[in-house]
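# Observations on the model geometry
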Amino acid sequence: MTSGQDHPDEMLTADHNPYREEILAEQVKQIYALAPIGFIATFFNSVIVFFIMKDVMEFRLLVLWGATLLSVTALRLGLVLWFRNVKQHWNFAETWRKRFIVSLFIAGVAWGWIGFFPFGEITLAHQVFIAFVLGGMAAGASSTFSMIKEGYAVFSIPALTPLAIHFFLIKDAFHCAMGTMLVLFGVLLWRISMHNYRVNRTSLLLRFENTGMIERLKQAKERVEGLNDRLSAEVEAKHRAEADLRAHHDQLERAVTERTADLTTLNKELEQFAYVASHDLQEPLRMVISYLQLLKQKYHGQLDEKADMYIGFAVDGGIRMQRLIEGLLSYSRLSRGAEFTRVDINGVFAAAVANLAGVIEESGAEVTTAHLPTVIGDELQLQQLLQNLISNGLKYRKPERHPTVHVSAERQGEEWLFSVSDNGIGIDPNHFDKIFQIFQRLHTREEYPGTGIGLALCQKIVERHGGAIWVESTFGEGSTFSFTLPVHGAPDGSGHMDSS
C-alpha cells in the first residue's frame, strides 16, 4: 500500500509500484473490451470509402485494399474472441498486450496503404475526404486505444504517415498545408491520448489502493473483535484451572503448588493486560471506530480530500491500537507458539526490513547484514525478534547522525551469536536490566513513541528458543543487542525438540 502522501503520478512511474501487474491486467481487459468499437468503425468507414472512391480510384487497388482491411479486421476479431474464451491470469497480461499492439499496427498499416494510391484522377475534395477519414480513425484511436501507452502511436503513425508524405511529395502549397495539418492533428491527438492514458492509470491505481486499504481496515476491526473473544476465553480458562486446582488439592498438592506459581505469573500479566485494555487502549479504539464509521458514510468509490483525511485519522488510531494490542497478545502467547522448524534467518531479515521500509525510508537509515545462518525455531517469532531490535536502532537515533543498523552472526561452539548494532543515542549501563522488563521505558512517549513491550517480547522469544539476550552500549555512541540461539534447536512451547 502506498502512503496517502504519495502523488499518484509518482507511484505510476516508480519501479516499486505494488499494483503494476494488476493495473496492466485491467488495462488489457479494457482494451480488448473496447476493441469491437474499432471493428465497427473500420467496417463502416471502409465501406463508405469504397463507394466514394470507386469511380475516381483504380478499382482493382481499391478492392484489394478493402479486402485486406476487412481480413485484418476479421483476424483482430478472432484475437478478441480468443482472449475472451481463454482463462486469464495477470501473469499473461503482457503477452496479450503485445498481441494486441501487433494487430493494431497491422490495422494501421492497412489503413495507411490507401495513402500511397495515385492521386491522378482524384479531386481535391476526394483527397480531403481520405484525410478526413484517416484523421477520424486516428481520433477514435486516441481515446479507444489510450489504455495502452503506445496504443495510439502504433495505429496512427502507419495510418497517417503515408498520406502526409504523399501530400508533401506533390509540393504545391495546398498539399503541403494539408500534410502539415495532418501531422499537427496527429501530434495533438497523441497528446490527448497520453493524457487519457495517465488519467486511466491514475484511476486504476487509486482503485486498487482504496480496495486494499478498506480490506486492511476490515481485517483490523476483525482482529480487535477476535482479541476480545480470546481474552474472555483466557479469563474463563484461568477460572476453570483455579477450580480444578482447588478440587484436586489433596491428591495433587505438589502439582497444585507448581501450577499456582504459573497461574500467579499469568494472573499478573492478565491483570496488566486488562488494565491497559480498559484505559490506555480506549482512546485509539474509539478513534478507529469513529473514523471507520465516517469512512463508511462518506466513501462512495471516489477518493476526495475529506476521505483522505478520514482514512489518515483511522490509520493513525489503528496503528497505535494495533501495536499495543498485538504486542500484549504476542507477549502473553509466546509460550504457545508454533512448533520449531528450520528457518533461514536471511529470509527473516528481509521480511523484517520490508515491514520497516517506511521507517527506513523516512529516516534515511542504512540497514545492512552479513550472511545469516539457518536455525531451528519459530519463524514468525524470530522475525518479530529481529524487527523489534532493528526498529529500536532506528527509533533511538541521534538527529544529527545518519542512522545505521547492522545485523551479523557467528558460530560459537554449539550456539549462534547474533548481534544487532546501531549508532543511536546509546543506553546508560545502569538501565541494562530495566529495559527488558515489560512496560519499562527510559523515555517519555513524547520523546520516543512506543509501548514498553518490545524488548520484553524479545527476551521472551530468545528464552523460549533456549538462548539468552543482553545489551552492550556506550551512552551517546550506540548500542549492540546480542542474543544466542542453539545450533541444534531447543524445545518449543509444547516441549517438542527439532534437531534436524
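Since the model is a prediction, treat every value here as computed from it, not as a measurement.

Conventions used here
- Residues numbered from 1 in each chain as written.
- Predicted model: local features only at pLDDT ≥ 70, side-chain atom pairs only at ≥ 80, totals over all residues.
- Heavy atoms only, no water.
- Helix = DSSP H or I, 4+ residues; strand = E, 2+ residues; numbered from the N terminus.
- Buried < 20%, exposed > 50% of the residue type's maximum accessible area, 1.4 Å probe, protein only.
- Contact = heavy atoms within 4.5 Å.
- Pairing = 2+ DSSP bridges.
- Axes fitted to C-alpha atoms, helices over the stretch in contact; angles between N-to-C directions.
- Parallel < 35°, antiparallel > 145°, perpendicular 65-115°, else oblique.
- Left-handed = near helix turned anticlockwise from the far one by under 90°.
- Nonpolar A, V, L, I, M, F, W, Y, C, P; charged D, E, K, R; others polar.
- Phe/Tyr/Trp six-rings, centres within 6.5 Å; stacked < 30°, edge-to-face > 60°.
- Lys NZ or Arg CZ within 6 Å of the ring centre and 35° of its normal.
- Polar contact = N/O pair within 3.5 Å; in protein donor to acceptor, adjacent residues only side chain to side chain.
- Expected span 1.5 Å × (residues − 1).
- Core = buried A, V, L, I, M, F, W, Y, C linked by side-chain atoms within 4.5 Å.
- pLDDT = per-residue confidence, 0-100.

## Let's talk about the overall build of the chain
Broken down by element type, the chain carries 14 helices and seven strands. Expressed as a percentage of the 500 residues in the chain, the buried residues total 43%. Considering only contacts in the chain between residues 6 or more positions apart, those separated by 24 or more positions represent 74%.

## Overview of the sheet that holds strand E4 (residues 404-412)
Spatially, E2-E4-E5-E7-E6 is the arrangement adopted by the five strands of the open sheet, whose pairing is mixed. Looking at the sheet topology across the chains shown, the edges are occupied by strand E2 (366-369) and strand E6 (469-474). If you compare each strand with its neighbour and ignore which way they point, the axes differ by 15 degrees on average. Pairing analysis gives four bridges linking E2 to E4, with the strands arranged parallel. In the strand pairing of E4, Thr369 is matched with Val407.

## A closer look at the pairing of E6
Of the two faces of E6, only one is covered, namely that formed by Ile469, Val471 and Ser473; the face formed by Trp470, Glu472 and Thr474 stays uncovered. Where E6 and strand E7 (residues 478-486) come together, six bridges link them in antiparallel fashion. Bridging from a neighbouring strand, Trp470 pairs with Ser482 of E7. The antiparallel hairpin formed by E6 and E7 contains three residues in its connecting segment, where Gly476 sits at a positive phi of about 90 degrees.

## Observations regarding the packing of helix H2 (residues 20-53) against helix H3 (residues 59-85)
Interaxial distance between H2 and H3 falls to 10 Å at its minimum, and their mutual angle equals 165 degrees. Here H3 runs roughly antiparallel to H2, going by the angle between their axes. You can see that H2 and H3 cross each other, and the crossing is left-handed. When grouped by side-chain class, the residues that make up the contact of H2 with H3 number 20 nonpolar, three polar and three charged.

## Describing the packing of aromatic side chains
Scanning the entire structure with this criterion turns up 13 aromatic pairs. Centre to centre, the rings of Tyr32 and Trp96 are 5.9 Å apart; their planes meet at 85 degrees, and the pair counts as edge-to-face. One end of the pair, Tyr32, is in helix H2; the other, Trp96, is in helix H4 (residues 93-113), with 64 residues separating them in the sequence. Residue Tyr32 is classed as buried on the basis of its relative accessible area of 1%. Taken together through their ring pairs, the aromatic side chains of Tyr32, Trp82, Phe83, Trp96, Phe100, Phe145 and Phe155 make up a single cluster. In this structure, Arg76 packs its charged tip against the face of Phe100, placed 5.5 Å from the ring centre.

## Observations regarding the environment of Gln381
Of note, Gln381 is situated in helix H13 (residues 379-395). By relative accessible area, Gln381 is classed as buried at 6%. Separated by 76 residues in the primary sequence, Gln381 and Leu457 place their C-alpha atoms 9.3 Å from one another.

## Quick notes on the side chain of Ser419
Tracing the sequence through the fold places Ser419 in strand E5 (residues 415-422). Here the side chain of Ser419 touches Ser482 through a polar contact of 3.5 Å, side chain to side chain. Contacts of Ser419, omitting those with residues within four sequence positions, involve His406, Val407, Ser408, Thr480, Phe481 and Ser482.

## Side note on H4
For H4, which comprises 21 residues, the first-to-last C-alpha distance of 30 Å matches the rise-based estimate of 30 Å (1.5 Å per residue) to within 8%. Taken together, the buried positions of H4 are Ala93, Trp96, Arg97, Phe100, Ile101, Ser103, Leu104, Ala107, Gly108, Ala110, Trp111 and Gly112. Along its buried surface, H4 packs onto H2, H3, helix H5 (124-144) and helix H6 (151-170).

## Here's the deal with H13
Its 17 residues place the ends of H13 24 Å apart at the C-alpha level, agreeing with the 24 Å of an ideal helix rising 1.5 Å per residue. Looking only at H13, the buried set comprises Gln381, Leu382, Gln383, Leu385, Leu386, Asn388, Leu389, Ile390, Asn392, Gly393 and Leu394. With a side-chain oxygen lying 3.2 Å from the backbone nitrogen of Leu380, the N-terminal cap of H13 falls on Asp378.

## Topic: the nonpolar core
Membership of the largest hydrophobic core comes to 51 residues, with the highest contact counts inside it found for Tyr32, Met53, Met57, Trp65, Trp111, Ile114 and Phe155. Among the secondary structure elements, those contributing two or more residues to this core are H2, H3, H4, H5, H6 and helix H7 (173-247). What Ile114 contacts, discounting residues up to four positions off in sequence, is Val49, Met57, Trp65, Ile130 and Leu134.

## Section: unusual backbone geometry
Despite not being glycine, Lys171 shows a phi value in the positive range, around 75 degrees. Mapping Lys171 onto the fold places it in the loop between H6 and H7.

## Focus: the confidence of the model for the chain
For the chain, per-residue confidence averages 76 on the pLDDT scale, and 71% of positions sit at 70 or higher. Across the chain, element-level confidence peaks in strand E3 (residues 374-377) with a mean pLDDT of 93 and bottoms out in helix H1 (residues 8-13) with 46. Overall, residues 1-16 carries pLDDT values under 50, and its contacts beyond four positions in sequence, including any with other chains, amount to 24 contacts. In this model, residues 492-500 is a region of pLDDT below 50 whose contacts with residues beyond four sequence positions or in other chains number 21 contacts.

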